[in-house]
Amino acid sequence: MAETYAVINQKGGVGKTTSALNLAACAAQRGRKVLLVDADPQGNATSGAGVDRAVLSHCLYDLLTDTTSAGRVQLSEVVVPTQISNLSLLPATINLAGADLALASVMSRETRLRQALDEAYQRYDIILIDTAPSLGLLTINGLVAAQGVLIPIQCEYYALEGLSQLLEIVHLVQAQLNPGLQITGVILTMYDNRTNLAAEVEKEVRANFRGRVFRTVVPRNVRVAEAPSHGVPVVMYDSGCAGSRAYWRLYQEVFQDA
């Protein structure tokens, strides 16, 4: 069975997609067979992996809703290769924005992604699900389909704002839909070591999530910000920059792969 993680935070701009994409790329470069699931209608993981959303005939929406006239869409019809060896992508397009509405009246709507990934659990070593910056049905589906939860938190003001609601959702999913779900860890992102604020936020987060915060801190780094515009993760865009080195250390922590 694939190790499956949902990368989640209902706040946008916290490094969620960047973390999912770079962890996936690190694992793929280490020879592990990886599936990156873009469960965010913004499709940033799709474009960040170098895939042109405009030319896609299918996306995750089709798997979740089964609304195509040609009949049930198979996972193999939707998954696309990326320019990174060993890394495949289950992409998102703007169509995914209608998923919450389309699923609202569907039976077992919270488990649609888990059902869609049924064969993927056997085919891949690692599955990373980049969730939307919300706590809607798409995010619930990500949590139900996963074994672990990775929570990126930016080292800025209001870092912990809304996290109690997020944890409540995780606990509800554990209790009612996915008892095996665990919080794997918290990822500190956008750390600026020139400021006292970053150090204070780190201290606060580590105090609130005692024993659950990864040692690695991802710095605020211009190369990390540039990489998406080139359609590659930063670990490939500039393998020697501070952001890349941090994501490699984080990969080793998350997957226990030294």
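Residues numbered from 1 in each chain as written. Predicted model: local features only at pLDDT ≥ 70, side-chain atom pairs only at ≥ 80, totals over all residues. Heavy atoms only, no water.

### Brief notes about the overall build of the protein chain
(1) Moving on: Looking only at helices and strands, the protein chain has 13 helices and eight strands in total.
(2) Moving on: Taken against the 2.2 N^0.38 rule, which gives 18 Å for 258 residues, the C-alpha radius of gyration of the protein chain at 17 Å falls within 12% of a compact globule.
(3) Moving on: Dimensions of the protein chain along its principal axes, counting C-alpha atoms only, are 55 × 40 × 30 Å.
(4) Moving on: Here the protein chain holds 258 residues, and the buried ones make up 56% of them.
(5) Moving on: Of all intrachain contacts in the protein chain linking residues separated by at least 6 positions in sequence, the fraction that spans at least 24 positions is 76%.
(6) Moving on: Total accessible area computed for the protein chain in this model is approximately 11,300 Å², and 47% of it derives from carbon and sulfur atoms. (Helix = DSSP H or I, 4+ residues; strand = E, 2+ residues; numbered from the N terminus. Rg over C-alpha atoms; globule rule 2.2 N^0.38 Å. Buried < 20%, exposed > 50% of the residue type's maximum accessible area, 1.4 Å probe, protein only. Contact = heavy atoms within 4.5 Å. Areas by Shrake-Rupley, 256 points an atom, 1.4 Å probe, with all protein chains shown as cover.)

### Remarks on the environment of Leu135
(1) Moving on: Inspection of the secondary structure puts Leu135 in the loop between β5 (126-131) and α8 (137-145).
(2) Moving on: For Leu135 and Val170, which are 35 residues apart along the polypeptide, the C-alpha to C-alpha distance reads 10.0 Å.
(3) Moving on: In this structure, Leu135 is in contact with Ile8, Gln10, Ile140, Gln165, Leu166 and Ile169, ignoring residues within four places of it in sequence.

### Overview of the pattern of salt bridges
Once their charged atoms are close, side chains differing in charge can pair, the charge on each being opposite to the other.
(1) Moving on: Considering all chains together, one arrives at 11 salt bridges under this definition.
(2) Moving on: Here Asp40 ties to Lys16 by a salt bridge, and the two come within 4.0 Å at their closest N and O atoms. Within this pair, whereas Asp40 is found in the loop between β2 (34-39) and α2 (44-48), its partner Lys16 is found in helix α1 (residues 16-29), the two being separated by 24 residues in sequence. The exposure classification of Asp40 matches that of Lys16, with both residues buried. (Salt bridge = Lys/Arg side-chain N within 4 Å of Asp/Glu carboxyl O.)

### Examining the sheet that holds strand β7 (residues 182-191)
(1) Moving on: An order of β3-β4-β2-β5-β1-β6-β7-β8 is seen for the eight strands of this open sheet, with the pairing classed as mixed. The open sheet has two edge strands, β3 (80-81) and β8 (213-219), and neither has a second partner.
(2) Moving on: Sheet topology places strand β1 (residues 3-7) next to β5; five bridges connect them, and they run parallel. Looking at β5, one finds that Thr4 is bridged to Ile127.
(3) Moving on: Sheet strands touched by α1: β1, β2, β4 (87-90), β5, β6 (148-154) and β7. Its angle to β5, the strand with the most contacts, is close to 165°.
(4) Moving on: Its contacts with the sheet place helix α13 (residues 242-255) against β1, β5, β6, β7 and β8, and it is angled at close to 165° to β8. (Pairing = 2+ DSSP bridges. Axes fitted to C-alpha atoms, helices over the stretch in contact; angles between N-to-C directions.)

### As for the nonpolar core
(1) Moving on: Leu36, Leu128 and Leu150 are the most contacted members of the largest nonpolar core, which has 36 residues in total.
(2) Moving on: Elements represented by at least two residues in this core include exactly β1, α1, β2, β4, β5, β8, α12 (234-237) and α13.
(3) Moving on: Discounting chain neighbours no more than four positions away, the residues touching Leu36 are Ala20, Leu21, Ala24, Ala45, Leu87, Ser88, Leu89, Leu90 and Leu128. (Core = buried A, V, L, I, M, F, W, Y, C linked by side-chain atoms within 4.5 Å.)

### Here we look at α13
(1) Moving on: With 14 residues, α13 extends 20 Å between its outermost C-alpha atoms, agreeing within 8% with the 20 Å of an ideal straight helix rising 1.5 Å per residue.
(2) Moving on: Taken as a whole, α13 has its buried residues at Gly243, Ser244, Ala246, Tyr247, Leu250, Tyr251, Glu253, Val254 and Phe255.
(3) Moving on: With its phi angle positive at about 50°, Gln256 sits one or two positions after the end of α13. (Expected span 1.5 Å × (residues − 1).)

### Things to note about the packing of α8 against helix α9 (residues 163-176)
(1) Moving on: Contact geometry of α8 with α9 gives a least axis separation of 10 Å together with a crossing angle of 50°. When the interaxial angle is binned, α8 and α9 end up oblique. The hand of the α8/α9 crossing is right-handed. Within the contact between the two elements, α8 uses Ile140, Leu143 and Val144 and α9 uses Ile169, Val170 and Val173.
(2) Moving on: Split into classes, the residues belonging to the contact of α8 with α9 amount to six nonpolar, no polar and no charged. (Parallel < 35°, antiparallel > 145°, perpendicular 65-115°, else oblique. Left-handed = near helix turned anticlockwise from the far one by under 90°. Nonpolar A, V, L, I, M, F, W, Y, C, P; charged D, E, K, R; others polar.)

### Some words on the pairing of β1
(1) Moving on: A large share of β1 lies buried, amounting to four of its five residues.
(2) Moving on: Bridge count between β1 and β6: three bridges; the pairing is parallel. Counted as the bridge partner of Val7 is Leu150 from β6.

### Re the side chain of Asp40
(1) Moving on: Its relative accessible area of 3% is what places Asp40 among the buried residues.
(2) Moving on: When residues no more than four places from it in sequence are discounted, the contact partners of Asp40 are Lys16, Ala92, Leu96, Asp130, Thr131, Ala132 and Pro133.

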